[in-house]
Every structure is written in structure tokens, then in C-alpha cells.
Amino acid sequence: MALENLLLDVKKLIENPDADVDEGIYRPSVQIDRRNVYFIYREGIKKSLIVYEDARKARDFQADETLVDDDYVLLKGPLNFFNNQALAKRFAWIKPSSRHGHKYTLGLGDRLGIASNAHLKLLKGRGIFPVLAQQSIRELLLSNRTFTDVIEAASWSVFEEGYRDGWGADGDHVKNAYEIDYAVRSGATMITLDLTEKTHTEYLAYSDEDLDAKYNELAPEIREKFEKKYLNHRFELGNGDVVEFSPRDLKEAVLAFNEGVLFAEWVNEKFVKPYALDFEVSVDETPVSTTPAQHYFFANELADAGITLETLAPRFYGEFQKAIDYIGDLDRFEKDFGEHEAIAEKFGYKLSVHSGSDKLSAYPVIARLANQHGWHVKTAGTNWLEALRVVAHEDPQFMLELYKFSYDNLDDVKDFYVFNAQTDGKAPKPEDLTEKDVNMLLVDDDARQVLHTMYGSILGYTENYQYVYRDRLFDILLHHADEYDKYLSLHMAEHVDLLQGIETTKQAVLDKYEPQD
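In this text, all values refer to a predicted model and were calculated from it rather than measured experimentally.

## Quick look at the sheet that holds strand 15 (residues 375-378)
The strands making up a sheet associate through hydrogen bonds between their backbones, and the pairing can be parallel or antiparallel.
At step 1: Around the barrel, eight strands lie side by side as 6-7-8-9-12-13-14-15; this closed barrel has parallel pairing. Neighbour-to-neighbour, the strand axes of the sheet open up by a mean angle of 25°, direction not taken into account.
At step 2: Two elements, strand 7 (residues 128-136) and strand 8 (residues 168-174), share five bridges in a ladder whose sense is parallel. Residue pairing in the sheet places Gln 135 in a bridge with Gly 171 of strand 8.
At step 3: Relative to the sheet, helix 18 (residues 481-499) contacts strand 6 (104-107), strand 7 and strand 15, its axis offset from that of strand 6 by approximately 155°.

What follows is the structure, given as C-alpha cells:
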């Protein structure tokens, strides 16, 4: 559309925000400030920022086209970093903010940078604070993105949808000072400190004799401090439950977790307090479940050090594998989750559930036990798999090609993820599949795990210096954005309805939302 015609529409909007204007003007994005107008303009799959502003003030925008209108200028520019920064000077709500004070928070982890519009449409009015930008260093490397890319993509979606209720950016699973500094300086408003490398769970498997020997290597004053603090004490949780430390419980807690406590204290002083970050601590990637005594030790030591956590992620009983439902005894999970929830409530933070995508069987338990106090649940893989649902619908042959590549190269990711889907007969064999089977690949647990874990390899695979799959994939998704939004909204609505207790069984949400192809 010519800028002259856009100028006419801009002046209509100034006179009447509900005026009939060109359909390329995306209505939710329209912002009118006196004579200044800002919005997203869509031309097919291309999106541009339109700004009508005093010519002297508009100089910090980058423009592909401009039209002077007396002392004002109409400009059309790209959705890039510089225009995002300029727009944020006018509208602070397009930048991420703290989730502090929000009862329910949801980590969304958009790996492709095109899912946030659907998330925001779904969450408007739900009372859930979205952490739109949520990526780990591993995920950034696998998808060939940066923290800046991730935060910027989310920010543009926030502006495009006119979402003013606040959103967060998580430097997810950062493990050292370099990663934390990188996330914070890119604009992260929270960090999830992954203490896997500072947690010595190998001691949990020691015999009593070997554990005693290792514990006795500690300085006497350290042993005396912790024994005086924890042995022969009953720690009431306020719900009738009690945490007590046997001598072995204490030795395990000190040897396995105290280094992580000390590192968290250092991170708090170095980064969290100076940058006013929301602080999450994670021990969920340890190989064994976190006991109530271990959780209490961690929480109590952090509290005594004056650290205010927003959330803590223990390793819950059972398996939270990628892309599939919870694996384990739900009654035992409920008991385990209830104990951890009581500790979290005592110390004033919320539990964080990692690898939360598709854990529909576990959500009713979380809703029953944590809805009064609040929760944080992290999802990410759902976005990728719902994108593949679009591919399966629009280009079944391409979907088969992606699955074969994933199946044949699954060893690429065996060091990154814990999953059951191995190529030993469990996952469907590519040679047995036809185009009519592609939708099955997105409901079969083993096939879902193959596809989920291989997203980085699919996106990054090149031949002769050219991407083999990435450009084709984005071309399909961008040309069928409404379809992607539909699938994503339906699947995330399953999650949200269960977490908020709107529905109380997995089958109820599947009956309500399962997409019909």
C-alpha cells in the first residue's frame, strides 16, 4: 500500500479509532497518542512498523520509506532491534518486567520466535503472567538464536497484540557467571539458576560408612554448625507435616547441596540484587528426586542468607520427559508435590515445574495443591510440535522427510535430553510410514520425543552452505500463521484449563480442545 493511502488512514484513526481502514492495519496493535500513531502493517507474510510522529522526534526510528506531512512524518520500517528500542521509549510495556506479585506464571519458551501472538491471545484475561522469552543456553545454541533475538521477538508480539498486562524474560538454566551476565545484559528480567554442576548427588548413593568418611573430611566447625541447626529438631510446615533430619539426611544435604547454596548466595549478591532480577533456583535436572529434607535444607539456608526466591524447582517424583505426559504413580506424585508445596509456602516462594509441556495427567494435582498459593510452570516443546502439526497438515511428504531425518540422527541429542524414544523398535520406523500416518507421529509418545528433541538439528542442518529444512519450515508456518495460532491456542488451552482447575481431568480437556484435521 502506498504511503499516501496509509497517511489517509492514519488521519482517519486520529479522528476516530474505530474508522474503517485498510485491512493490512492490524487493529490490536494500533496505538494513538494525541496526533501520534503507531501500528503493525501486514502485507502477506511481511510485517512493517508504521509510525506517524513529529519529524524531529521520529529520527530514532529506522525507515525503509518516509512521507513528510508538514512538520510530521509517516515512516514505514522493519521490525528490527533499533525500531524496537525506539518504540520502547514510547511504550514501556513492550519491554519485559518482573513477575513478582503475580500468583500464576507460565514460561512459554517460543523456540521459533513466532508463537507469542497466539500465547497472548489465549492468556488475555486469564490472570496468568506470561514469561514469553524463556530459553536456555543449550536451546539458543541448538536453534542458532541469541537472548536478544528471543526477547526482541517476544516484544514485537506484545506490541502487535497490544498486550499491556506485563510479561517476563527468563535466562533459563544458566549455570555460571558468563551465562548469567549474558542473559541479564540482553534484557532478562529473571534467571533460573541451574545448580546441576554445583550439586553432588553422587554422595546420595554412598554407603553409610563412605558417607561418614566424606562428611568427616569437613572442618569441625562446619559440621558443628549444621548439626546444631538441624539434628534433633522438628520443623513444622504449617499443614500438619513435619520435616526431621536423621544423621544420614543431614550428611546427604550438606555434602550434596551446600556448595549449591553458597553459589546461589554469590549469584544473588553479584546479579540478582543489583539488577533487581526475579530469582529461581533449580535442582530439577539431578538424577534423583529431591527429598523434603533436602528441599528444606536448601530453602532454610537461602532464607538465612537473606535471599528472596520467587520460585524453586525441585526434582519431583516420577519422570517429566520432553513432549509426553507425566510418567509415574500419580498418588505418589501428589504426596511428593504436597510436601514440596508445604515447604515452598513456609518460605514464601512458589514451586516451579520444569518440562511442563503435555503433563496433562499431573496438572490436576498441581491445581488442587498449589492454586491457592500459586505456581510457575515451564513449557516450550509444545510450540515446536504444534508447528510440526501445521507442516503435517500442509505438506505431509515434508513431514515424513523431517521425521526420517530425526529418526536417523537421534544420536545427535542423546547427551542433551533424557527420553525413552530410542530407535530400538519403540519409535515408528520411517520406512513403515506413508503420508496418511503423519498425524499419528504427533500423538505417538515415542515419535513425539524423536521430533521434539531434534528441533535444533532440523533447524540447523545444512548442505552446500544452504539450510535444508529451516527455510521450508518457516515458509509453511508464515504462510499458514492462522493455522499455527489455532493449533497452538487449542493445545495451550488444555494446559491452562487444567492448571487453573477449570477442567479437572485430562480426558475433559482432550474432548474439549482436541483439534480436528
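Resuming the write-up.
## A few points about the sheet that holds strand 1 (residues 31-33)
At step 1: The sheet built from five strands is open, its strands ordered 1-2-3-5-4 with antiparallel pairing. In this open sheet, the two edge strands, each paired with only one partner strand, are strand 1 and strand 4 (65-69). Averaged over all pairs of adjacent strands, the angle between their axes in this sheet comes to 15°, without regard to strand direction.
At step 2: Strands strand 1, strand 2 (36-43) and strand 3 (46-54) of the sheet are contacted by helix 5 (residues 147-161), whose axis makes an angle of about 105° with strand 2.

## Considering the pairing of strand 14 (residues 350-353)
Here is the key point about a regular strand: its side chains alternate between the two faces of the sheet.
At step 1: The sheet contact formed by strand 13 (residues 311-313) and strand 14 spans two bridges and is parallel. Bridge assignment links Thr 311 to a residue of strand 14, and that residue is Lys 350.
At step 2: What joins strand 13 to strand 14 is helix 11 (residues 330-347), and the crossover it makes is right-handed.
At step 3: Here strand 14 pairs with strand 15 via two bridges, running parallel. Note that in strand 15 the partner of Val 353 across the bridge is Val 377.
At step 4: Between strand 14 and its parallel partner strand 15, the chain crosses via helix 12 (residues 363-370), and the hand of that crossover is right-handed.

## Quick notes on the domain arrangement of the chain
At step 1: In terms of domain boundaries, the chain breaks down into domain 1 (1-89) and domain 2 (381-484).
At step 2: Distance from the C-alpha centre of domain 1 to the C-alpha centre of domain 2: 38 Å.

## Let's talk about the nonpolar core
At step 1: The biggest cluster of nonpolar side chains holds 148 residues, and the ones touching the most others in it are Phe 159, Phe 245, Phe 279, Phe 333 and Leu 388.
At step 2: Considering each element in turn, this core owes the most residues, 12 residues, to helix 9 (residues 247-275).
At step 3: For this core, the two domains that each supply at least three residues are domain 1 (1-89) and domain 2 (381-484).
At step 4: Residues in contact with Phe 333, not counting those within four places in the same chain, are Phe 316, Tyr 317, Phe 320, Tyr 326, Ala 362, Val 365 and Ile 366.
At step 5: Within the second largest apolar cluster, 17 residues are counted, among which are Leu 3, Ala 19, Val 21 and Val 30.

Scoring rules and cut-offs
- Residues numbered from 1 in each chain as written.
- Predicted model: local features only at pLDDT ≥ 70, side-chain atom pairs only at ≥ 80, totals over all residues.
- Heavy atoms only, no water.
- Pairing = 2+ DSSP bridges.
- Helix = DSSP H or I, 4+ residues; strand = E, 2+ residues; numbered from the N terminus.
- Axes fitted to C-alpha atoms, helices over the stretch in contact; angles between N-to-C directions.
- Contact = heavy atoms within 4.5 Å.
- Right-handed = clockwise from strand over helix to strand, strands pointing away.
- Domains from an automatic or database assignment.
- Core = buried A, V, L, I, M, F, W, Y, C linked by side-chain atoms within 4.5 Å.
- Buried < 20%, exposed > 50% of the residue type's maximum accessible area, 1.4 Å probe, protein only.

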